[in-house]
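# Analysis of the macromolecular model
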Amino acid sequence: MKKLVILSALAVVSFAGGHKVEPVNAAYQKECGSCHTAYQPEFLPRNSWNRLINEQNNHFGEDLALSSAKANELKAFLFSRSADVSTNKTARRFASTQGIKISENPYFVKEHRRIGSAELKKQGLKSFANCSSCHKLADQGNYDEQ
Amino acid sequence: MKKIFIATLIVTITLFAKSAEYDGLMADLSKQAKSQSPSFVGFSKERGEKLFFAVQKDKNNQPISCATCHQNDIRQKGKNPTTGKIIEPLAPSVNNMRLTDRAEMEKWLKRNFKQVYGREGTAMEKGDVLEFISNK
């Protein structure tokens, strides 16, 4: 019986510590969340965020037209909690990403391996860019399985 | 009577404050348009409407217009076709946040003209589109 209690307690703890990161600030939500999920800083390391903002005039084919003041403001926020500096358990898994695509991170790929393009299509999506289609609480930083 | 006067004054000030940044941007665009084309006499919501609905080819050679994301009726919510993200209505009559922030207007005009037309809009084109939106 005691073992069962300990096991249940462990299960609760590990569930609570699942895939949760901090919510983002209002400025970041507005600038980046207008077109897609405002991916929390924890999902890319500093170098990747730096490159992504520096290349804002060709952001996956689009010019974001951000002022340099705004770009610097976004960088400061992203760097403060990037995957390589955050102590968050989920963030650590994203610290080794080389490029600027969160969806190419090995851990991301592993976690989404059962979702093929057919499933995305069923949801009316062309990419993994709108996390909250499946993770309803993504905007609050909660990516536990739904 | 005095109360009504004050109430009217407050409403007037609020309306003015809401459109001050819009008016400032339109005045500057108007100056630019005049310097670029001496025959320019003012912005036109009809020309703006045409620009808004004219179908172009996007970077993947697919048909695109402003209405692709913002809908044919801009009082409705729009949707980003790639990510599925919902876009709040563009028409100021149903979304009082629209056309109130100059930096936002300039950023989105530049971004969206490039998406749809593959280039930045001219001062006249930007003013025409704003004129069209502001009347909705």
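Residues numbered from 1 in each chain as written. Chains lettered and ligands numbered in written order. Predicted model: local features only at pLDDT ≥ 70, side-chain atom pairs only at ≥ 80, totals over all residues. Heavy atoms only, no water.

### Remarks on the overall build of chain A
Filter applied, for reference: Secondary structure elements are taken from DSSP: a helix is a run of H or I of four residues or more, a strand is a run of E of two residues or more, and numbering for both begins at the N terminus. Throughout, a contact is declared for two residues whenever any of their heavy atoms are within 4.5 Å. Surface accessibility in these figures is a Shrake-Rupley result with a 1.4 Å probe; residues are shielded only by whichever protein chains are displayed.
A count of helical and extended segments in chain A gives seven helices and zero strands. The secondary structure elements of chain A, listed N-terminal to C-terminal, are α-α-α-α-α-α-α. Taking all contacts inside chain A whose residues are at least 6 apart in sequence as the whole, residues at least 24 apart take part in 60%. Element-wise, carbon and sulfur atoms account for 57% of the exposed surface of chain A, whose accessible area totals about 8,700 Å².

### Digging into the packing of aromatic side chains
Residue and element names in this part refer to chain A. For the record, the criterion: Any Phe, Tyr or Trp ring, taking Trp's six-membered ring, that has another such ring centre within 6.5 Å forms a pair; planes under 30 degrees apart are called stacked, those over 60 apart edge-to-face, and the others tilted. To sort residues, take the accessible area from a 1.4 Å probe on protein chains only and compare it with the maximum for the residue type: under 20% means buried, over 50% means exposed, and anything in between is partly exposed.
Applying the stated criterion across every chain, the model contains 10 aromatic pairs over all chains. With 5.2 Å between their ring centres and 45° between their planes, Y28 and F77 make a pair best called tilted. Here Y28 is found in helix α2 (residues 26-33), whereas its partner F77 is found in helix α4 (residues 68-80), with 49 residues between them in sequence. The residues Y28 and F77 share a single accessibility class, namely buried. Relative to Y107, the ring of F94 lies with its centre 5.9 Å away and its plane at 85°, an arrangement referred to as edge-to-face. Here F94, found in the loop between α5 (89-92) and α6 (106-111), pairs with Y107, found in helix α6; they are 13 residues apart in sequence, far enough to count as distant. The exposure class assigned to Y107 is buried, which follows from its relative accessible area of 12%.

### Notes on the interface of chain A and chain B
Rules: Here the quantity called buried area is the accessible surface, traced with a 1.4 Å probe, that two parts lose on coming together, added over both. We define a salt bridge as a contact between a side-chain nitrogen of Lys or Arg and a carboxyl oxygen of Asp or Glu at a distance within 4 Å. Contacts described as polar in this section are N or O atom pairs within 3.5 Å, which, within protein, must combine one atom able to donate a hydrogen with one able to accept it, while residues neighboring in sequence count only if both atoms come from side chains. Nonpolar residues are Ala, Val, Leu, Ile, Met, Phe, Trp, Tyr, Cys and Pro. Charged residues are Asp, Glu, Lys and Arg, and all others, Gly as well, are polar.
On the side of chain B, 15 residues touch chain A, which itself brings 21 residues to the contact. Across the interface of chain A and chain B, roughly 1,600 Å² is buried in total on both sides, 45% from carbon and sulfur atoms. Scanning the region where chain A abuts chain B turns up five salt bridges. Between the two partners, chain A and chain B, sit seven residue pairs in polar contact (both at pLDDT 80 or more). For the side of chain A that touches chain B, the residue count by class is seven nonpolar, eight polar and six charged.

### Quick notes on the packing of helix α2 (residues 45-53) of chain B against helix α5 (residues 123-134) of chain B
All names here are of chain B. Rules: Angular values range over 0 to 180 degrees, each being the angle between N-to-C directions of two axes fitted as lines to C-alpha atoms, with helices fitted over their stretch in contact. Any angle between 65 and 115 degrees counts as roughly perpendicular, while under 35 counts as roughly parallel, over 145 as roughly antiparallel, and the rest as oblique.
The contact between α2 and α5 brings their axes to 7 Å, and the two run at 95°. Classified by the interaxial angle, the pair formed by α2 and α5 is roughly perpendicular. Where α2 approaches α5, its residues K45, R47, G48, E49, L51, F52 and F53 are matched on the opposing element by M124, E125, D128, V129, E131 and F132. Split into classes, the residues belonging to the contact of α2 with α5 amount to six nonpolar, one polar and six charged.

### Side note on the nonpolar core
All names here are of chain A. Filter applied, for reference: Remark: nonpolar core denotes a set of buried residues (Ala, Val, Leu, Ile, Met, Phe, Trp, Tyr, Cys) joined through side-chain atoms within 4.5 Å.
With 28 residues, the main nonpolar core has Y28, Y39, W49, F94 and I102 as its most contacted residues. Contributions of two or more residues to this core are made by α2, α3 (46-54), α4 and α6. Sorting elements by how many residues they give to this core places α4 first, with five residues. Ignoring any residue separated from it by four or fewer positions in sequence, one finds I102 in contact with Y39, F43, L44, F94 and F108.

### A word on unusual backbone geometry
One non-glycine residue, A:F60, lies in the positive phi region at around 50°. Along the chain, the position of A:F60 falls in the loop between α3 and α4. Take A:F60: its relative accessible area is 44%, and that puts it in the partly exposed class. Here the phi dihedral of B:Q71 falls at roughly 75°; this positive angle occurs in a residue that is not glycine. Inspection of the secondary structure assignment puts B:Q71 in the loop between α3 (66-70) and β3 (78-79).

### Some words on the pattern of salt bridges
Going through the model one piece at a time under the given rule, you end up with 19 salt bridges over all chains. Residue A:R51 pairs with A:E55 through a salt bridge whose shortest N-O separation is 3.1 Å. When its relative accessible area of 39% is taken as the criterion, A:R51 is described as partly exposed. By relative accessible area, A:E55 is classed as partly exposed at 32%. Residues B:R119 and B:E125 are paired through a salt bridge, measuring 2.9 Å at the closest nitrogen-oxygen approach. Given the relative accessible area of 33%, B:R119 is considered partly exposed. According to the relative accessible area criterion, B:E125 is buried, its value standing at 14%. Connected through salt bridges with shared partners, the residues A:K30, A:E31, A:K70, A:E73, B:D101, B:E104 and B:K107 form a single ionic network.

### Details of the confidence of the model for chain B
Heads up, the condition is: One confidence number per residue, pLDDT, is output by the predictor and ranges from 0 to 100.
Confidence in the prediction for chain B averages 90 pLDDT; 87% of positions are at 70 or higher. Scoring of the predicted complex yields 0.81 for pTM and 0.78 for ipTM.

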